[in-house]
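Report on the structure
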Amino acid sequence: MQMIIVDDEAHWVDNLSATKPWHTLGIEQVHKAYSAQEALRILETHPIDLIISDVIMPEMTGIELIGKIRERDNKIKCIILSGHSDFEYTKEALRHHAVDYLLKPPTDNELLGAVKTAIDQMKAEWESVSSYERTEFTLRENFPLLRGQLLLNGLRGESLTSEEWTRKLENYHLPFRLGECALLLVRMEDEFGKYRNNGLQLMEYAIINMAEEILGEFANVWGVKEEHGYLAFLLQFREEDPSTIKETLLERLAMQLQAKVKQFLDGSLSIVMTEFFQFPDLLSDRYSHALAYFRQIVGEEREFVIRAGDLDQRVSQGPLDVIHAPPGLKNLLEAGRWDTAEEKLNAIFAELDEKWYDSWEHCLEAGYMIAASFAHFAHRNGHTLAGLLGEDITLLQSPEAFASISKLRSWSLGCLHKLRDGTSNEVKDMRSLYVKKIQAYIEGNLHLDVSLRALADHVNLHPTHLSKLYKIETGEGVSDYVFRLRMETACDMLKKTEKRVYEISSEIGYLDPAYFIKVFKRQFGVTPQEYREGK
């Protein structure tokens, strides 16, 4: 939890920030602001929870400060301190939902009590937002989507531990357990084509409901439309009958589903049933097997109910798995997740080594997909792949890179490192360019608004992103640089010009000369005039 103490009287700010046991209330960081504008700058770069502010300050009152804060965030808690018991101030503070209005100097009990009240209010509000009942309601509203996505992830081979599967099945109120299941893959045939532009989703929904009604009498049913357009149903029978009996029953139920869809929806289905398998370990494997069965056995035939037996390995050795499993290599590159991308490549080569060590075609498939991902990344970032890879592009221009798994591994990992280093240098150059633009703008407009928000607008970046970028590149915050430049400029003008203090104050961005004098003295220990006179 973070807090700002705001007052133009520095001793108040320093005293309150340093001498009170804020940590006992859970406040981890206390920021000091000697003006309302300084407080607003802190708000732009830090997740502030609470503000304690004086009422009477130059440039902007504490009440006006709360108003500015309310324009940005209604959740920040505010406490007002004042040396005057003014009913109008109190009324305005309450109108802006201030937690308390305390007279200076407050006792420790008054101040810490007000802060504790503010913290209690925050906790109550966040507990309301994240309450169990509200979460449960939202979860129930989204159950169909969440359940469908979980099954899709399982079909695609997303790796989850047994504990994670058990927890998600329970959280989504799915009556499945880890163990024996079967999978139905259903293809809607040409008769449903007339609904493609209007009503197809309704037909799919109707078929899923009919499947749950027919199959659900004997088994738990979990259905979803998968990415190839098939309807997939995971089934787990409730009775512990032998597999042979369940296989016969499953075939009869699949034929019944087919007949009812024909009767009531005037459309035909083709259905591939898998053998019973251990869920979730073999889910992705049996799904891939059923897909292959549609391609190789069912083909263009219609209205079949077929059990997926062994496939003729002469037709296909099988697909690569890891390279197609999420997250994809292209997505990892776009997200800049270089370590995970390298892990992905190593997993691809491990699969090639283990399963396809003697298949040049699988090595070729992997190579083309890796190269396509690299080229997509280069083009998305305004480069050519040749420009980023240099001499390594020559291997890609001939079959040499794909001649063996070891050559493909060496080429791919080397190229990955070149892509990372090339874009890393580009990021550093871009950061440096932004810093130069910002500093040039500040130097030329020190007398104007050079707040973080104004600077961010000037270079078209979000204030938080700009703040982090500047700190990474220079080691200091933007506001620190502005303050340092103002003080250095003031010192230079005091020594080299005859301009009056109020003129210098205005030229470096301080509208209130008295406030400038106070800030200058706090920084150097002398007033501007004393500095000029060499005292």
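No experiment lies behind these values; they were computed from the predicted model shown.

Summing up its helical and strand segments, the protein chain has 23 helices and 11 strands in all. Considering only C-alpha atoms, the protein chain reaches an extent of 100 × 60 × 45 Å along its principal axes. Here the analysis covers contacts within the protein chain between residues at least 6 apart in sequence; of these, 66% occur between residues at least 24 apart. Accessible surface computed for the protein chain: about 28,500 Å², of which carbon and sulfur atoms make up 50%. Taken together, the 61 basic and 84 acidic charged side chains of the protein chain have centroids lying 4 Å from each other.

Taken as a whole and judged by the stated rule, the model has 26 salt bridges. Residue aspartate 321 is joined to lysine 355 by a salt bridge in which the shortest nitrogen-to-oxygen separation is 3.2 Å. Within this pair, whereas aspartate 321 is found in the loop between strand E11 (305-307) and helix H12 (329-334), its partner lysine 355 is found in helix H13 (residues 338-355), the two being separated by 34 residues in sequence. Overall, aspartate 321 belongs to the partly exposed group, its relative accessible area being 35%. The class of lysine 355 is partly exposed, set by a relative accessible area of 37%.

Glancing now at the sheet that holds strand E5 (residues 100-103). If you trace the five strands from one edge of the open sheet to the other, you get E2-E1-E3-E4-E5, paired in parallel fashion. One side of each edge strand has no neighbouring strand; the edge strands of this open sheet are strand E2 (29-33) and E5. Along the sheet, successive strands turn relative to each other by an average axial angle of 20 degrees, direction set aside. Two elements, strand E3 (residues 50-54) and strand E4 (residues 77-82), share five bridges in a ladder whose sense is parallel. The residue of E4 that forms the bridge with aspartate 54 is leucine 81. Relative to the sheet, helix H1 (residues 10-19) contacts strand E1 (2-6), E2 and E4, its axis offset from that of E2 by approximately 175 degrees. This element, helix H3 (residues 62-72), spans E1, E3 and E4 of the sheet and lies at about 170 degrees to E4.

When we look at burial in helix H2 (residues 36-45), the residues that qualify are Ala36, Ala39, Leu40, Ile42, Leu43 and Glu44. Considering only its buried residues, H2 is in contact with E1, E2, E3, H3, helix H18 (452-459) and helix H19 (463-474).

A separate point is unusual backbone geometry. In the segment running from lysine 104 into proline 105, the intervening peptide bond is cis, with an omega of -10 degrees. By the element assignment, proline 105 lies in the loop between E5 and helix H5 (108-129). Following phenylalanine 279, the chain continues into proline 280 via a peptide bond in cis, with omega recorded as 5 degrees. Mapped onto the elements, proline 280 comes out in the loop between strand E10 (277-279) and helix H11 (283-298). Despite not being glycine, aspartate 266 shows a phi value in the positive range, around 55 degrees. Of note, glutamate 303 is a non-glycine position whose phi angle comes to about 55 degrees, a positive value. Within the fold, glutamate 303 resides in the loop between H11 and E11.

Looking now at the packing of H18 against H19. Viewed as axis vectors pointing N to C, H18 and H19 meet at an angle of 90 degrees, and their least axial separation amounts to 9 Å. In terms of orientation, H18 and H19 fall into the roughly perpendicular class. Between H18 and H19, the contacting residues are Leu452, Arg453, Leu455, Ala456 and Val459 on the first element and Pro463, Leu466 and Ser467 on the second.

For the protein chain, mean pLDDT is 85; residues scoring 70 or higher make up 91% of the total. The weakest mean pLDDT in the protein chain belongs to helix H6 (residues 132-141) at 61; the strongest belongs to strand E8 (residues 231-237) at 96. Scored below 50 in pLDDT, residues 312-316 makes three contacts in the model with residues more than four places away or belonging to other chains.

For the rest of this paragraph, the subject is the nonpolar core. Residues Ile442 and Phe516 are the most contacted members of the largest nonpolar core, which totals 53 residues. The element that contributes the greatest number of residues to this core is helix H20 (residues 478-496), accounting for nine residues. Ignoring anything within four residues of it in the chain, the contact list for isoleucine 442 reads Val450, Leu455, Tyr481, Val482 and Leu485.

Further remarks concern the packing of aromatic side chains. Overall, the coordinates contain 13 aromatic pairs when judged by the stated rule. When the centroid spacing of 6.0 Å and the interplanar angle of 45 degrees are considered together, the rings of phenylalanine 374 and tryptophan 411 count as tilted. Within this pair, whereas phenylalanine 374 is found in helix H14 (residues 360-380), its partner tryptophan 411 is found in helix H17 (residues 405-444), the two being separated by 37 residues in sequence. Both residues of the pair, phenylalanine 374 and tryptophan 411, count as buried. When the ring of phenylalanine 520 is compared with that of tyrosine 531, the centres are 5.7 Å apart and the planes differ by 80 degrees; the resulting orientation is edge-to-face. Remark: tyrosine 531 occurs in helix H23 (residues 528-532) and phenylalanine 520 occurs in helix H22 (residues 513-524); sequence separation between them is 11 residues. Relative accessible area serves as the criterion here: at 23%, tyrosine 531 is assigned to the partly exposed category. An aromatic cluster is present here, built from Tyr510, Tyr515, Phe516, Phe520, Phe524 and Tyr531 joined pairwise through their rings. The side chain of lysine 246 reaches across the aromatic face of phenylalanine 276, ending 5.3 Å from its centre.

Among the secondary structure elements, leucine 16 is positioned in helix H1. Using a relative accessible area of 4% as the deciding quantity, one classes leucine 16 as buried. Through-space distance from the C-alpha of leucine 16 to that of glutamate 303 is 80 Å; in sequence the pair is 287 residues apart.

Once that is clear, we can look at the packing of helix H9 (residues 200-215) against helix H10 (residues 243-265). In the contact formed by H9 and H10, the axes pass within 10 Å of each other and the chain directions differ by 140 degrees. In terms of axis orientation, H9 runs oblique to H10. Pair H9 / H10 crosses with right-handed handedness. Where H9 approaches H10, its residues Met203, Ala206, Ile207, Met210, Ala211, Ile214 and Leu215 are matched on the opposing element by Leu253, Gln256, Leu257, Lys260, Val261, Phe264 and Leu265.

Checked against the element boundaries, serine 505 lands in helix H21 (residues 501-507). With relative accessibility at 0%, the residue serine 505 sits in the buried group. Residue contacts for serine 505: discarding those within four places in its chain leaves Tyr510, Asp512, Pro513 and Phe516.

Rules and cut-offs
Residues numbered from 1 in each chain as written. Predicted model: local features only at pLDDT ≥ 70, side-chain atom pairs only at ≥ 80, totals over all residues. Heavy atoms only, no water. Helix = DSSP H or I, 4+ residues; strand = E, 2+ residues; numbered from the N terminus. Contact = heavy atoms within 4.5 Å. Areas by Shrake-Rupley, 256 points an atom, 1.4 Å probe, with all protein chains shown as cover. Lys, Arg positive; Asp, Glu negative; His and termini not counted. Charge placed at Lys NZ, Arg CZ, Asp CG, Glu CD. Salt bridge = Lys/Arg side-chain N within 4 Å of Asp/Glu carboxyl O. Buried < 20%, exposed > 50% of the residue type's maximum accessible area, 1.4 Å probe, protein only. Pairing = 2+ DSSP bridges. Axes fitted to C-alpha atoms, helices over the stretch in contact; angles between N-to-C directions. Parallel < 35°, antiparallel > 145°, perpendicular 65-115°, else oblique. pLDDT = per-residue confidence, 0-100. Core = buried A, V, L, I, M, F, W, Y, C linked by side-chain atoms within 4.5 Å. Phe/Tyr/Trp six-rings, centres within 6.5 Å; stacked < 30°, edge-to-face > 60°. Lys NZ or Arg CZ within 6 Å of the ring centre and 35° of its normal. Left-handed = near helix turned anticlockwise from the far one by under 90°.

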